[in-house]
Amino acid sequence: MDFGFTREEEAFRAEVLEFLTEFRGMNGYFHRGTDTAYGVRQVYRALGERGWLSLSWPEEFGGGGLSPAYEFILWDELAYARAARPPMGPGLVAKALMSHGTDEQRNRFLAGLRRGRINFCLGYSEPDAGSDLASVRTRARRDGRKYVVDGAKCWTSNAHWSDYIWLLCRTGAQDSRSRGLSVLIVPLDTPGVSVSPIPTLDGGRLNEVRFDGVRVPAANRVGAQDQGWQVVSSALAVERHVQFPPKRLRRDLHDVLAALEDAGVAGDPVVRRRMGQLAVRVTEVEALGLALLGEVISGAPSAVPAAYHKLAGTTLAQDIAHAGLEFGAQQALAVGTDTEFLWRQTILETIGGGTSEVMRGLIARQEFGLRA
Amino acid sequence: MDFGFTREEEAFRAEVLEFLTEFRGMNGYFHRGTDTAYGVRQVYRALGERGWLSLSWPEEFGGGGLSPAYEFILWDELAYARAARPPMGPGLVAKALMSHGTDEQRNRFLAGLRRGRINFCLGYSEPDAGSDLASVRTRARRDGRKYVVDGAKCWTSNAHWSDYIWLLCRTGAQDSRSRGLSVLIVPLDTPGVSVSPIPTLDGGRLNEVRFDGVRVPAANRVGAQDQGWQVVSSALAVERHVQFPPKRLRRDLHDVLAALEDAGVAGDPVVRRRMGQLAVRVTEVEALGLALLGEVISGAPSAVPAAYHKLAGTTLAQDIAHAGLEFGAQQALAVGTDTEFLWRQTILETIGGGTSEVMRGLIARQEFGLRA
Amino acid sequence: MSVSLRRTDEQRMLAESVRDYCAAHCAEQVRAAEGFPWPFWHGLAELGLLSLAVPGEGAGAGEIVTACAELGRAAAPGPIAATVFATHALPERQAVLLSQGKALVSLGKRPLLPWAPLAGVFIETDGDGAWLADPVGEVEPVEMLGGEPWGRVGLRLAQALDRVPTARALSDLALAAYLWGAGRRLLDGVAEHARTRIQFGKAIGSFQAVAHPIVTAGLALTSAEKLTMMAALAMDEGHEDGEVLAVSARLSASRAAVGAALTAHQGFGAIGYSVEGPIGRVAQRIRALATPPGYADGSGEQVLAGYFQKGRP
Amino acid sequence: MSVSLRRTDEQRMLAESVRDYCAAHCAEQVRAAEGFPWPFWHGLAELGLLSLAVPGEGAGAGEIVTACAELGRAAAPGPIAATVFATHALPERQAVLLSQGKALVSLGKRPLLPWAPLAGVFIETDGDGAWLADPVGEVEPVEMLGGEPWGRVGLRLAQALDRVPTARALSDLALAAYLWGAGRRLLDGVAEHARTRIQFGKAIGSFQAVAHPIVTAGLALTSAEKLTMMAALAMDEGHEDGEVLAVSARLSASRAAVGAALTAHQGFGAIGYSVEGPIGRVAQRIRALATPPGYADGSGEQVLAGYFQKGRP
């Protein structure tokens, strides 16, 4: 069921579904196929050609000036089709440039981002800064009109095929925590940058990105020096409604149900009861997603609704996957089946993009006033 | 299944079962009937007449000198029969007197405790000292050969029909935490002691016990002044094997299964699967109970096994009760049925005698070296 | 987006008026009353809260949900969801008795029906259909967890009712909202307790072992709340998924409210175990209302089937 | 009490020898080997670990459980529980091939059997009976979660086996112990990580949100361990409940090991999600071994029925 959208928005959904017929079989939402990187870039370009990477950008930046509901519909349907996730560049990076960038930076990047021709990856996590981003150590030392960057990022998605890294790095004193961070845009082909793979359990890869005396023009700094934390935080806020598209879960449930039908157990009362309970939870997350979208549209602070939505969605993704293996019998274990793949894939969902523990802490403080 | 006991121990179990035929229908394990207090005292007297309240006391104190296995069997069978829980007096209090009491105190109390003629309640918790016993405020001020006690205990089980309260009180400075506590034995008929009921959700009562200038002979102090924490801790250690008799759970499961049979749903596949899972967990707790008993017999430190056993048993008791209400349909809600009673009763199990949170903290520190 | 899952201004006003009324007239004695608090019930009727579901009255699922959430938060007594069902499905002559607060309705299945000892109108339902019925013989009172007056009663079916699917969906939503409100009451209470109760030298809510279960319960309640609002909007728009969403909302709110009750009990500790304590009666009411009329009532499967039909391959 | 749920001195020595052997010969390369590590397997045979279940050899369930727990802790490869089953149920001529490590056994049900591409002995079982069988045609290899070599294979049944109920109980215990050991490996690993990994200025294990789930997983593993030891003692004493306890132990250890794997993943975070990381392969092996051969294999109900018979009214 799709619910709560205007006639125009539903017409847009129909266009998206039509668009997706071109990319049937494309599996770029997960890192599942070997051609993922190539394929996903094709999807982004095709979206860019239609102006769909900038649906909600203000018109002054060449965007569609549309409600965030359009972005939501787009990425929700792409998630159901398993085609692709929202790219960082036209989302988080572009919106950060609009609020914190210079005119020169906007001119340099926005057109390419809008067209799907420039790809960004996010350089946040480090070996010793996972949940605790304020402890980032990658250092950018000012040297005239350049910064010289040394350090390492890790678990960086898509670094191996991106053009730029959106780098959170330390420009203040070692112990300056969140007060001494800055954001730099670093072309990944700059001398001294090296990207090496970290193969992951879902069959894809994350990356380690090392910086060895990398010289970056000061003009590539976004926002003021030492104000990187504000840039990163506000950028996060504007993308919450597309971070975990609820239809990803509906698709998971459908895939697992199909596997259980193949296994001949879909009619079993125990299976039906559990899958019914999971179906109720999928509708819960759809409702949380709609509520979050409403908050984003209204401009209300949405950290708590976003945290609830992520917590609920990621936990449910794991529970759906677990049901697949519990009920699917041994054929559910064959590598390449949806069941065993989802088991492997969903492990990361409650870790990446803010762990469940961090989400709970945020809600405890902000909703319940508990300093835990 | 009963497993792991010697032929002599099994012969003793047969005697216990024979004994219990006298008390069929007695419901003193829970505070369920109106005649509980009277009935339980009768059970204790009858046990005392047989020497069964002092099975494992050393022979020098008039005890049986038997293995703790006998106590375990006794209270496990009484739990299955719902007849009674182990009384504090001949257990914790008597054993503490053996290690920390004076000859005079032993002469005064042990014979009566052994015979089931003296009843004690434990005065530990206070309004502001629940999980955190080291913050006890009830104050005992030395005045010549007496202490003068002022303060209040609450949630005190059985105070309304006991003869004495085993009182943990502060003799040191206000902020002395666990270093400034002492144990006093206070007759409940001493002037200035008042006991008032706190009706509880299981239909029974706990008590508030107030002390208003209560004069207690210094000879009633057990152990050295300010050494009460050690007295209380070591007394706890010797009783761990009977604190949560696993057969209580087997009986819970049997009672809920019987209710589900009456409701006509015991054959339902969903019900059978859940009850099967709960049955596995009952055997787990039985195994944890046997392992704990083995530790107590061997004299090994047993705080972690005891905490595991309590955590597992109390959580399982709640889960069995919840299954009864989930599957039993509306007839499971009728007041007085086992199903609704267990739902009300089991709520307290994860709170009383050390909350689950405190248990987990103990295990985190002692087994895993995590200072959480 | 054409809808938001926030209350409209009108709904906010309705919520405030219900909250104010309950604050003034639904004290602890009313909730725990041995006899039924008729004056309180009549007041609900005067506010129009018992006629929200009457066909053609102009009120919709959104108003029902708004009002029932506040009644739940106040732990108000009475056959609230059953009145929603009955006033929607009954012919006008009987419905008016209920919507004016002149009689209570007993809605259930033989032999054991809620509110039977006090009811003036009886409806039997088997999950599919529903019938106006006449009691046969004496009603034998049965004491139930949750404190509502139940009874064993014989019934003679008198008349099949109309509009049953919609009536059921509206009463599912009413129950979902009531349970959500009652659960929220307990959760707000335990969160306040966690902020103020000191153990080991600090507020217990600063221990994650206390705080995170509160968050987990909050997540379930918020999920149920949003799903209930979404379902109400779907019903009001005549969306084809309205009924399946309504039953989903009931299941969701049942789970969430029971979870909140247990979390509250664990957080309050012994304080919450006292009969006079802050949560016991409400927790029991929640547990009773969340217990399905027959466990194998197929609600989960109905949701699954409804959901499945919507799947694109 | 006649038994303790602690290891005997002999069992402690056995455990040490298995642990030492695995420490020396079961490195990461052996666990992850593409080809089967025959030298490692022959070494197990030389230590007598593949003949513990041979009838009349004097070893008992206690020894099987002790050895398999250590093999699980080392995440040792090979059809360990199946070898226990087969060496107990097969006639001596085939059993000796397995106990000497000269062939591997494939034990399962058509069409998909574990270890089929490498097996020299095939046994089909339907949960009640078991039959020695000859492969028909080629074995088609199938890659499975957990990295064990499975295959699609046709079978022709050759001979019904004896001692099947005991063989099944012993292999249930072997699997329970292996899963417990593997789960314990992961839990010890994440506890060490929690003690040493610093975030927000302190060891992450000092957050209850990290520490308490480790305790919960530890509780499940300890429950499974004690139940497995109790069941082994029951089997060795010929107690009538031996078989029902053995299947309970398998179910308990499956649940516990899967829980430990998930707890380890959450605690290690992205570090654990790397293929080269400390836990991924073992977690997948656990998940695969814990997946019942057919979900509706009735194990839970069997336990319930067995348990029920013991009930006193």
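This brings us to the overall build of chain C. Of the regular secondary structure elements, chain C holds 11 helices and 7 strands. Compactness check: chain C gives a C-alpha radius of gyration of 19 Å against a globular reference of 20 Å for 313 residues, within 12% of the reference. In terms of overall dimensions, chain C has C-alpha extents of about 65 × 55 × 40 Å along its principal axes. When the 313 residues of chain C are sorted by exposure, 61% land in the buried category. Entry remark: accessible area of chain C is about 11900 Å², with carbon and sulfur atoms responsible for 53%. Positive and negative side-chain charges of chain C, numbering 27 and 32 respectively, have mean locations separated by a distance of 6 Å.

As a further point, take the domain arrangement of chain C. Residues and elements named next belong to chain C. Each domain of chain C was delimited in the assignment, giving domain 1 (9-163) and domain 2 (165-309). Inter-centroid distance (C-alpha atoms) of domain 1 to domain 2 is 20 Å. Listed per partner, the contact involves 30 residues of domain 1 and 28 residues of domain 2. Buried surface at the junction of domain 1 and domain 2, both sides included, amounts to about 2400 Å², of which 64% is carbon and sulfur. Taken as a group, V65, R73 and L145 account for 23% of the area that domain 1 buries against domain 2, more than any other trio of residues on that side. Put simply, domain 1 and domain 2 have 2 salt bridges between them. Residue D188 pairs with R73 through a salt bridge whose shortest N-O separation is 3.5 Å. Where domain 1 packs against domain 2, one counts 10 residue pairs in polar contact (both at pLDDT 80 or more). Within the residue set of the side of domain 1 that touches domain 2, elements represented by two or more residues are α2 (28-31), α4 (61-73) and α5 (80-89). Counting residues per element, the side of domain 1 that touches domain 2 draws most heavily on α4, at 9 residues.

A few words on unusual backbone geometry. A cis amide bond links C:R110 to the next residue, C:P111, at an omega of 5°. Within the secondary structure, C:P111 is located in the loop between β1 (105-108) and β2 (112-114). In this model, B:D226 sits at a positive phi of 70°, which is unusual for a non-glycine residue. Structurally, B:D226 is set in the loop between β8 (221-222) and α6 (228-237).

With that settled, consider the pattern of salt bridges. Following the criterion strictly, the structure yields 76 salt bridges over all chains and no others. Its salt-bridge partner being A:E326, residue A:R274 comes within 2.9 Å of it at the nearest N-O pair. Taken together, the residues A:R274 in helix α8 (residues 269-298) and A:E326 in helix α9 (residues 303-327) connect sequence positions 52 residues apart. For D:R281, the salt bridge is made with D:E28, and the minimal N-O distance between the two is 3.4 Å. Of this pair, D:R281 sits in helix α11 (residues 280-290) while D:E28 sits in helix α2 (residues 28-32); the two residues are 253 residues apart in sequence, bridging distant segments of the chain.

By a widespread convention, an interface's size corresponds to the accessible area lost as its parts come together. Each side of the interface is counted separately: chain C has 46 residues, and chain A has 54 residues. For the pair chain C and chain A, the two sides together bury roughly 4200 Å², of which 68% comes from carbon and sulfur. The interface formed by chain C and chain A includes 3 salt bridges. Note that A:E284 and C:R255 form a salt bridge whose closest N and O atoms lie 3.3 Å from each other. Counting across the interface, chain C meets chain A through 5 residue pairs in polar contact (both at pLDDT 80 or more). At the level of secondary structure, the elements contributing two or more residues to the side of chain C that touches chain A comprise α7 (164-196), α8 (208-236), α9 (242-268) and α11 (299-309) of chain C. Counting residues per element, the side of chain C that touches chain A draws most heavily on α8(C), at 15 residues. Residue composition of the side of chain C that touches chain A, by class: 22 nonpolar, 14 polar and 10 charged.

Right, let's talk about the relation of the copies chain C and chain D for a bit. By a simple turn and slide, chain C fits onto chain D: the slide is 0.0 Å along the axis, the RMSD is 0.0 Å, and the turn is 180°. Such a combination of rotation and displacement between the chain copies is what one expects of a two-fold axis. Residue C:Q208 of chain C places its C-alpha closer to the rotation axis than any other residue of that unit, at 2.8 Å. Interface residue correspondence from chain C to chain D reaches 100%, placing this contact among same-surface, isologous pairings.

What follows is about the sheet that holds strand β2 (residues 112-114) of chain D. Note on sheets: strands pair through backbone hydrogen bonds, and any given pair is parallel or antiparallel. Residue and element names in this part refer to chain D. Taken in spatial order, the 5 strands line up as β1-β3-β4-β5-β2 in an open sheet, and their pairing is mixed. Across the chains shown, the open sheet's two edge strands, defined by having one partner strand only, are β1 (105-108) and β2. Put simply, the sheet's adjacent strands are angled 45° from each other on average, direction ignored. Here helix α5 (residues 80-89) sits on the sheet and contacts β1, β3 (121-125) and β4 (130-143); the angle it forms with β1, its principal contact strand, is near 90°.

Okay, the domain arrangement of chain A next. Residues and elements named next belong to chain A. Segmentation of chain A into domains returns domain 1 (7-86), domain 2 (121-226) and domain 3 (243-368). Relative to domain 2, the C-alpha centre of domain 1 lies at a distance of 28 Å. In this assembly, 5 residues from domain 1 lie in contact with 5 residues from domain 2. Contact between domain 1 and domain 2 buries roughly 480 Å² in total, counting both sides, with carbon and sulfur atoms accounting for 63%.

Here the focus is α9(C). All names here are of chain C. Across its 27 residues, α9 extends 38 Å between first and last C-alpha, which sits within 8% of the 39 Å expected from 1.5 Å per residue. Among the 27 residues that make up α9, 21 are buried, leaving the element largely enclosed by the rest of the structure. Phi turns positive, to about 60°, at G269, one or two residues after α9.

Attention now moves to the sheet that holds β2(C). Residue and element names in this part refer to chain C. Pairing is mixed in the open sheet, where 5 strands are placed in the order β1-β3-β4-β5-β2. Edge positions in the sheet fall to β1 and β2, since each of these pairs with one other strand and no more. Adjacent strand axes in the sheet meet at a mean angle of 45°, parallel and antiparallel pairs treated alike. Taken together, the 3 bridges between β2 and strand β5 (residues 149-160) define a ladder with antiparallel strand orientation. Bridge assignment links L113 to a residue of β5, and that residue is G151. Packed onto the sheet, α5 meets β1, β3 (121-125) and β4 (130-143) and runs at close to 90° relative to β1.

In a packed pair of helices, the relevant descriptors are the angle between the two axes and the axis-to-axis distance. Residue and element names in this part refer to chain B. In contact at an axis separation of 8 Å, helix α9 (residues 303-327) and helix α10 (residues 338-346) are set at 145° when each is read in the N-to-C sense. Considering how the two elements wind past one another, α9 and α10 form a crossing that is left-handed. Residues A317, Q318, A321, H322, G324 and L325 of α9 form the contact with α10, whose participating residues are T339, E340, L342, W343 and T346. Looking at the contact of α9 with α10, its residues break down into 5 nonpolar, 5 polar and 1 charged.

This part covers the side chain of A:E71. Relative to the helices and strands, A:E71 resides in helix α3 (residues 68-80). Taking relative accessible area as the criterion, A:E71 reaches 7% and is therefore assigned buried.

Turning our eyes to something else, we now look at the packing of α9(A) against α8(C). As a packed pair, α9(A) and α8(C) sit with axes 10 Å apart at the nearest point and diverge in direction by 90°. When the interaxial angle is binned, α9(A) and α8(C) end up roughly perpendicular. Between α9(A), through A:Y308, A:L311 and A:A312, and α8(C), the contact on the second element is made entirely by C:V215, C:G218, C:L219 and C:T222. The class makeup of the residues in the contact of α9(A) with α8(C) is 5 nonpolar, 2 polar and no charged.

Residue and element names in this part refer to chain B. Within the element layout of this structure, D212 appears in strand β7 (residues 205-217). Given a relative accessible area of 60%, D212 falls into the exposed group. In this structure, the C-alpha to C-alpha distance between D212 and V149, residues 63 residues apart in sequence, is 6.7 Å. In this view, D212 contacts V149, D150 and G192; residues no more than four positions away in its chain are not counted.

Next up on the list: the state of the cysteines. For the coordinates displayed, the defined rule picks out 0 disulfides over all chains. A disulfide-free cysteine, A:C154 has its sulfur positioned 13 Å from the sulfur of A:C121, the nearest such atom. The buried category is assigned to A:C154, whose relative accessible area is 6%. Left unpaired, C:C26 is separated from the closest cysteine sulfur, that of C:C22, by 5.3 Å.

Turning next to the interface of chain C and chain D. Contact residues are listed per partner, giving 4 residues for chain C and 4 residues for chain D. Summing both sides of the interface, chain C and chain D together bury roughly 310 Å²; the carbon and sulfur share of this comes to 50%. Summed over the three residues of chain C that lose the most area to chain D, namely C:F207, C:Q208 and C:A209, the buried surface amounts to 89% of that side. Linking chain C to chain D there are 0 salt bridges. Put simply, chain C and chain D have 3 residue pairs in polar contact (both at pLDDT 80 or more) between them. A class-by-class count of the residues in the side of chain C that touches chain D yields 2 nonpolar, 2 polar and no charged.

Conventions used here
- Residues numbered from 1 in each chain as written.
- Chains lettered and ligands numbered in written order.
- Predicted model: local features only at pLDDT ≥ 70, side-chain atom pairs only at ≥ 80, totals over all residues.
- Heavy atoms only, no water.
- Helix = DSSP H or I, 4+ residues; strand = E, 2+ residues; numbered from the N terminus.
- Rg over C-alpha atoms; globule rule 2.2 N^0.38 Å.
- Buried < 20%, exposed > 50% of the residue type's maximum accessible area, 1.4 Å probe, protein only.
- Areas by Shrake-Rupley, 256 points an atom, 1.4 Å probe, with all protein chains shown as cover.
- Lys, Arg positive; Asp, Glu negative; His and termini not counted.
- Charge placed at Lys NZ, Arg CZ, Asp CG, Glu CD.
- Domains from an automatic or database assignment.
- Contact = heavy atoms within 4.5 Å.
- Buried area = accessible area lost by both parts, 1.4 Å probe.
- Salt bridge = Lys/Arg side-chain N within 4 Å of Asp/Glu carboxyl O.
- Polar contact = N/O pair within 3.5 Å; in protein donor to acceptor, adjacent residues only side chain to side chain.
- Nonpolar A, V, L, I, M, F, W, Y, C, P; charged D, E, K, R; others polar.
- Least-squares fit on C-alpha atoms with pLDDT ≥ 70 in both.
- Pairing = 2+ DSSP bridges.
- Axes fitted to C-alpha atoms, helices over the stretch in contact; angles between N-to-C directions.
- Expected span 1.5 Å × (residues − 1).
- Left-handed = near helix turned anticlockwise from the far one by under 90°.
- Parallel < 35°, antiparallel > 145°, perpendicular 65-115°, else oblique.
- Disulfide = S-S within 2.5 Å.

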